[in-house]
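Residues per chain, in single letters:
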Amino acid sequence: MESGTPAVIAANLAMVRQRIAAAAQRVGRTASQITLVAVSKTQPFEAIETAYAAGQRDFGENRVEELWPKVEQAKQQGLADIRWHLIGTIQSRKSANAIGPFALIHSVDRLKLANRLNCDAIAAGTVMEVLLEVNVSGEESKHGFTPQELLAAVPECMAYSGVRVAGLMTMAPFVAEAEETRPVFRRLRELRERVTLEHPGVVWPELSMGMTNDFEVAVEEGATLVRVGSAIFGARQY
Ligand SMILES: *Cc1c(COP(=O)(O)O)cnc(C)c1O
């Protein structure tokens, strides 16, 4: 069967869900503690419909320009209960485009952007739920707060009224063996623990970590959201 056909997408989804459940079970967690975000970037809308028909409700897009038309199309097709996740870099000058009917923005990667989104959300009369993206591995090519920047930014972020921080997100380096990503995921969890200890008012339940290559390790390390694209939809359609 060709990748991307309805039967393949449904089977892939079932397999990914099963692997999440098995990884959760290995560490005494349950699958219900983990939200699978199906990353539909570059995929045609039909792929989203297919996954939806197979019970998938959380979808992730990395470009706000691609997200909006898909949100509109979903509305027109009556797929009203999709939870949309924005997972990619947002340019500061386009921050207002990221204010919308989205369940969660995973990729708030710098304080300037957080401030802008807060102002944009207040102006729009809404509150956006976000995660702060941390560059745990320190790779130069990666976006995100350094752990030090994050610790320093907490008081400012807690004072927002247009943005509610729900947790942290990270991208692991691309490595040959998924197991090599474990220290990165563990450090994100430990960073969250440290913030919670130092700031008793902070409640950050969400950890968005793990992609096609490493989501099982991430689940073992405490991920509450995994962002999986190619394991569900096949190769990206550029
Ligand atoms: C594309 C993307 C993913 C999914 O990647 P796969 O390797 O296809 O699972 C997850 N997170 C972000 C931020 C992405 O851009």
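The structure reproduced in this document is the subject of the present report. Every chain begins its residue count from 1, and numbering advances along the sequence as written. Local features are withheld for residues below a pLDDT of 70 in this predicted model, meaning they are given only at 70 or higher, and side-chain atom pairs are given and counted only at 80 or more; totals for whole chains, interfaces and linings count all residues. Side-chain descriptors were evaluated using all non-hydrogen atoms of the structure, hydrogens and water having been removed beforehand.

### A short note on the overall build of the chain
For step 1, the next point in the chain: Each helix corresponds to a stretch of at least 4 residues labelled H or I by DSSP, and each strand to a stretch of at least 2 residues labelled E; elements are numbered beginning at the N terminus. Of regular secondary structure, the chain possesses eight helices and eight strands.
For step 2, the next point in the chain: Taking 2.2 N^0.38 as the reference for a compact globule, 238 residues should give roughly 18 Å; the C-alpha atoms of the chain span a radius of gyration of 17 Å, in line with that estimate.
For step 3, the next point in the chain: With respect to the principal axes defined by its C-alpha atoms, the chain has extents near 50 × 40 × 30 Å.
For step 4, the next point in the chain: In what follows, residue pairs with any heavy atoms lying within 4.5 Å of each other are defined as contacts. Summarising the internal contacts of the chain: among those between residues at least 6 apart in sequence, 63% fall at separations of at least 24.
For step 5, the next point in the chain: Accessible areas in this description were obtained via Shrake-Rupley with a 1.4 Å probe; residue shielding takes into account the shown protein chains only. Surface exposure of the chain reaches about 11000 Å², of which carbon and sulfur atoms provide 52%.
For step 6, the next point in the chain: Charge convention: Lys and Arg are scored as positive, Asp and Glu as negative, and His as well as the terminal groups of each chain are ignored. A single reference atom marks each charge: NZ on Lys, CZ on Arg, CG on Asp, CD on Glu. Distance between charge centres in the chain, computed from 25 positive and 28 negative side chains, equals 2 Å. The globule rule used here is 2.2 Å times the number of residues to the 0.38 power, and the radius of gyration it is set against is calculated over C-alpha atoms.

### Structural notes on helix α3 (residues 64-76)
For step 1, the next point in the chain: The end-to-end C-alpha distance of α3 is 19 Å, a good match for the 18 Å that 13 residues give at a rise of 1.5 Å each.
For step 2, the next point in the chain: Exposure categories follow from relative accessible area, calculated using a 1.4 Å probe and restricted to protein chains: below 20% of the type maximum is buried, above 50% is exposed, and the middle band is partly exposed. Looking only at α3, the buried set comprises V64, E66, L67, K70, V71 and A74. Down the axis of α3, the smallest arc covering the buried residues is 145°, so these residues share one side.
For step 3, the next point in the chain: Contacts made by the buried residues of α3 are with α2 (45-53), β2 (58-61) and β3 (83-86).
For step 4, the next point in the chain: G78 lies just past α3 and shows a positive phi near 80°. The length a helix should cover is 1.5 Å for every residue beyond the first. In this context, the arc is that of the directions from the helix axis out to the C-beta atoms.

### Here we look at the side chain of H85
For step 1, the next point in the chain: Within the element layout of this structure, H85 appears in strand β3.
For step 2, the next point in the chain: Think of a polar contact as two N or O atoms within 3.5 Å of one another; within protein, one of them needs to be a possible hydrogen donor and the other a possible acceptor, and neighboring residues in sequence only count if both atoms come from side chains. Looking at H85, its side chain comes within polar contact range of the side chain of D58, at 2.7 Å.
For step 3, the next point in the chain: Aside from chain neighbours lying at most four places away, what touches H85 is V37, D58, F59, G60, E61, A103, L104, H106 and L225.

### A closer look at the site of the ligand
For step 1, the next point in the chain: When at least one non-hydrogen atom of a residue lies within 4 Å of a molecule or strand, that residue is treated as near it. Close to the ligand lie V39, K41, I87, M171, M211, T212, R227, V228, G229, S230 and R236, which account for all nearby residues.
For step 2, the next point in the chain: Within the contact set of the ligand, an oxygen atom lies 2.7 Å away from a side-chain nitrogen or oxygen of K41.
For step 3, the next point in the chain: Interatomic distance of 2.5 Å between a side-chain N/O atom of T212 and an oxygen atom of the ligand.
For step 4, the next point in the chain: Looking at side-chain class alone, the shell around the ligand contains five nonpolar, three polar and three charged residues. The nonpolar class holds Ala, Val, Leu, Ile, Met, Phe, Trp, Tyr, Cys and Pro. Asp, Glu, Lys and Arg form the charged class, and all remaining residues, Gly among them, are polar.

### So, helix α4 (residues 111-124)
For step 1, the next point in the chain: If you check α4, its first and last C-alpha atoms are 20 Å apart, about what 14 residues at 1.5 Å a residue would give, namely 20 Å.
For step 2, the next point in the chain: Those residues of α4 that fall on the buried side of the exposure criterion are L113, A114, L117, N118 and A121. Looking straight down α4, one finds its buried side chains confined to an arc of 140°; they lie on one side. Exposed positions of α4 whose direction lies more than 90 degrees from the buried face are K112, C119 and A123.
For step 3, the next point in the chain: Contacts made by the buried residues of α4 are with β4 (104-108), β5 (128-133) and β6 (163-169).
For step 4, the next point in the chain: Taken from the residues just after α4, G125 is the one with a positive phi, measuring 70°.

### Regarding the packing of aromatic side chains
For step 1, the next point in the chain: The rule is short: rings of Phe, Tyr and Trp, with Trp giving its six-membered ring, pair when the centres are within 6.5 Å, and they are stacked under 30 degrees, edge-to-face over 60, tilted in between. If you walk through the whole model with that rule in mind, you get two aromatic pairs.
For step 2, the next point in the chain: Seen in terms of ring centroids, F59 and W84 are 6.0 Å apart; in terms of plane orientation they differ by 40°. Their pairing is tilted. With F59 in strand β2 and W84 in strand β3, this pair connects stretches of sequence that are 25 residues apart.
For step 3, the next point in the chain: On the basis of relative accessibility, which here comes to 0%, the residue F59 falls in the buried class.
For step 4, the next point in the chain: Accessibility expressed as a relative area gives 4% for W84, which makes it buried.

### A few points about the side chain of S107
For step 1, the next point in the chain: Its location among the elements puts S107 in strand β4.
For step 2, the next point in the chain: At 2.7 Å, the side chain of S107 and the backbone oxygen of G88 are in polar contact.
For step 3, the next point in the chain: Beyond its immediate stretch of four places on either side in the chain, S107 contacts L86, I87, G88, T89, I90, L113, L131 and E133.

### Regarding the packing of helix α1 (residues 6-26) against α2
For step 1, the next point in the chain: At a minimum axis distance of 9 Å, the contact between α1 and α2 shows a crossing angle of 55°. Judged by the angle between their axes, α1 and α2 are oblique. At the point where α1 passes α2, the crossing takes the right-handed sense. Contacts from P6, I9 and L13 in α1 reach A47, T50 and A51 in α2. To get an axis, a line is fitted to the C-alpha atoms, and for a helix only the part in contact is used. The angle between two axes follows their N-to-C directions and goes from 0 to 180 degrees. To sort the angles, those under 35 degrees are grouped as roughly parallel, those over 145 as roughly antiparallel, those from 65 to 115 as roughly perpendicular, and the leftovers as oblique. The sense of a crossing depends on the near helix, which, turned anticlockwise from the far helix by less than a right angle, makes the crossing left-handed and, turned clockwise, makes it right-handed.

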